[in-house]
Amino acid sequence: MDPAPATPRWNLERPYLTGLFHQEAKVSAAAQTPGSKSFSLESFSRGAGGGAGSVIGSYAVSVQELLVIDDLLSALVGIEGRYISIKRVRGKDGYVVFQIDSSMDLALQELTRRIFPLCEDFVLVSQFVESRSHFKNGLVNHALAAALRAFLLDYQAMVAQLEHQFRLGRLSVQGLWFFCQRMMSSLNALAVLIEKAMSNNTSGSATLNLLQSQAKAMAGDSAVRSLLEKMAECASAAYLRMLERWVYEGVIDDPYGEFFIAENKSLQKESLTQDYDAKYWQQRYSLKDGIPSFLNNVAATILTTGKYLNVMRECGHNVQVSLSENSKLMSFSSNHQYLECIKSAYDFASGELLTLMKDKYDLIGKLRSLKRYLLLDQGDFLVHFMDIAREELTKKPEDISVEKLQSLVDIALRSTAAASDPSHEDLTCCVERSSLLKKLTTLKDLGCAYSSDKFAAADVDHPMTLSMTGLETFSLGYKIPWPLSLVISRKALTKYQLIFRLLFHCKHVSRQLCQAWQIQQGFRSVKILGTPILRSSILCRSMLKFVNSLLHYLTFEVLEPNWHSMHGSLQKAKSIDEVIQIHDFFLQKCLKECLLLLPELLVKVEKLKSLCLQYATSIQLLIPSIEVAAPEKKPKSGLSKSSRIKRSQERDQQLKLASENVVMSESILKFEAEFNSELQSLVPTLSKSSQAEPYLTHLAQCILGVGIDQ
């Protein structure tokens, strides 16, 4: 906000121009140069009445009345007379007290003093008009001062008419008192208002609230209340113009900082895609303290309306609410017409932005694309990528080339059905530096029901932490343009990535177990089913059932139902804020039901997956990888019958030795015991948690049957 312009010096230094002459201190004779005539208010008051010895009490009562009426007419417009003086109240700027010569007739004194409050109120109102007309006091005070100035013109016209009657000899003190009655209550009400405004140094909405409260307090006096309401209407005109520009154009036209909406220009829309804790949408435009009372109930609606218009303007989509006579914010009268205007503006801005997001920027299509890739809705792309990127993903995170991974992602996309998706070019990849558990401890706003210490402790003891590879830290990303970043922000994308990492790792574990299973099938082909091999085969099958059941639960019991529920809600949404709320609720619900917000269960699941990976790796190391020819395949030409028999005997001998390997036998027994123990410990935890979280019943139903076959 630019600083307010300074008030010209000449408007401050000329007391007779600003109405401050009656407050100026008397110029002492000592301050004058020798031979000069002392210039002071005394020269226009008592000294001009026929000498220092003249007092009003020396005249007849009829003459005194004429003299005091002449002085009163001056006092009514804040000017000292010959026998009525003005004294400034110490410590109170703008406050004065009128005094009368004590030698005057007592009856005249009494009538005169009854008129003094009107004179004092006029001086106070005049002082307020002058002081609040300066730039720094804001548009509302300027408008109020202008309305008061117009009122004072009517008051001064009344005084001029009284003076005319006096010149015609038709005015007495009693008559003056009678004619002043009409203005007494009105000017006094304004003086009370101004006294409160000056003591609290009000401006903007505070001045409007004060005007409203004072008008309500004068409910018993319809004339005064009508006057105060008129003042409030005049003062609010400038404020309503600011409001009108905001709700119809999205522009804050507030040169003096009076509007109740503030703009934080340091927050840029780019932060939505870069900062997890970006506050752009919440704090770029925000409500300030001091909302006008008549706008309290619609302040949030007003804020949102302008925000929507600003989003469209930043998209280059210039839109302005069509104005008509009925849509102009003229006043905040009792018919609440201004509320209807605000509601209409909100409905227009909300509908226009929602249409823009859905039609031009294809919001639903982007969300569907996120589901396809980050929630693994498209399986062929992932399988192909894991095949061609295996070598790179088995490296340590710091040794992985993200550029190479990105090129492999592009190859996988172009080689599968994803190539027909126009949004596939927005897909990116990244490699995290921490495990999934550690990543969850850094996100403090997920609403996790447990202490993050449990995550950290579990991660330290995690056997895979020391040998962490890209398979545990790889994640997909997505380029989100403005204004879709309002809905799919950095925070929302991070939540998608958490779910992706869990699903991706489960897929990896499942593939490793499938390879171990295939290796063991070589024993069946030569009918070697020793006890270690048989136990290993059963254990591998149990592990596969566990991992696949977990994947089935995550995909078909959590993600698919929640996605369809969100999709249906989005079709009915009427504003972008509602869309953001629906999308955030979807992500939070998925995180929770995918166990990512339940550390106790997640740690156990991660340990079970770790055991499965260790087992699959051990099987591939302990059992030689022997290619078993399919029965239907014909022997390769060039091999004699004796060579084929010899090769078969060697293969059988290797398998027999492998089946009798003591190290393998002990390893299988160890893995079996650990897996069964961890699986059994998961059962009571699931049963206990499912009472508070019903969705865990589905998970229990999916995996509780795993140990039955063992």
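Refer to the structure above for everything that follows.
What counts and what doesn't
- Residues numbered from 1 in each chain as written.
- Predicted model: local features only at pLDDT ≥ 70, side-chain atom pairs only at ≥ 80, totals over all residues.
- Heavy atoms only, no water.
- Helix = DSSP H or I, 4+ residues; strand = E, 2+ residues; numbered from the N terminus.
- Buried < 20%, exposed > 50% of the residue type's maximum accessible area, 1.4 Å probe, protein only.
- Contact = heavy atoms within 4.5 Å.
- Areas by Shrake-Rupley, 256 points an atom, 1.4 Å probe, with all protein chains shown as cover.
- Salt bridge = Lys/Arg side-chain N within 4 Å of Asp/Glu carboxyl O.
- Core = buried A, V, L, I, M, F, W, Y, C linked by side-chain atoms within 4.5 Å.
- Pairing = 2+ DSSP bridges.

A. Representation of the overall build of the chain. Of the regular secondary structure elements, the chain holds 25 helices and six strands. Per-residue burial for the chain yields a buried fraction of 48% across its 710 residues. By sequence separation, contacts in the chain at least 24 residues apart represent 74% of the contacts at least 6 residues apart. A total accessible area of about 34,700 Å² is found for the chain, and carbon and sulfur atoms account for 52% of it.

B. Highlighting the pattern of salt bridges. Across all of its chains, the model carries 21 salt bridges by this definition. A salt bridge links R167 to D70; the nearest nitrogen and oxygen atoms lie 3.9 Å apart. Of the two residues, R167 sits in helix α5 (residues 138-167) while D70 sits in helix α3 (residues 61-75), which places them 97 residues apart along the sequence. The class of D70 is partly exposed, set by a relative accessible area of 23%. Between R225 and E229 there is a salt bridge; the shortest N-O distance is 3.0 Å. Of the two residues, R225 and E229 are both situated in helix α8 (residues 222-249); the distance of four residues between them amounts to about one turn of the helix.

C. Highlighting the nonpolar core. Core analysis: the largest hydrophobic core is formed by 119 residues, its most contacted members being F385, L405, F474, L476 and L596. Looking at this core, the element that brings in the most residues is helix α20 (residues 531-572), giving 15 residues. L193, A197, L208 and A299 belong to the second-largest nonpolar core, a separate cluster that totals 89 residues.

D. View of the pairing of strand β2 (residues 96-100). Every second residue of β2 is oriented toward a common face, the buried set being V96, F98 and I100 and the non-buried set V97 and Q99. Sheet topology note: the strand β1 (residues 84-88)/β2 ladder contains five bridges and is antiparallel. Paired with K87 across the two strands is V97, which belongs to β2.

E. Examining the side chain of E392 more closely. Mapped onto the fold, E392 is located in helix α14 (residues 390-393). In this structure E392 touches D399, I400, S401, K404 and L405, once residues within four positions along its chain are discounted.

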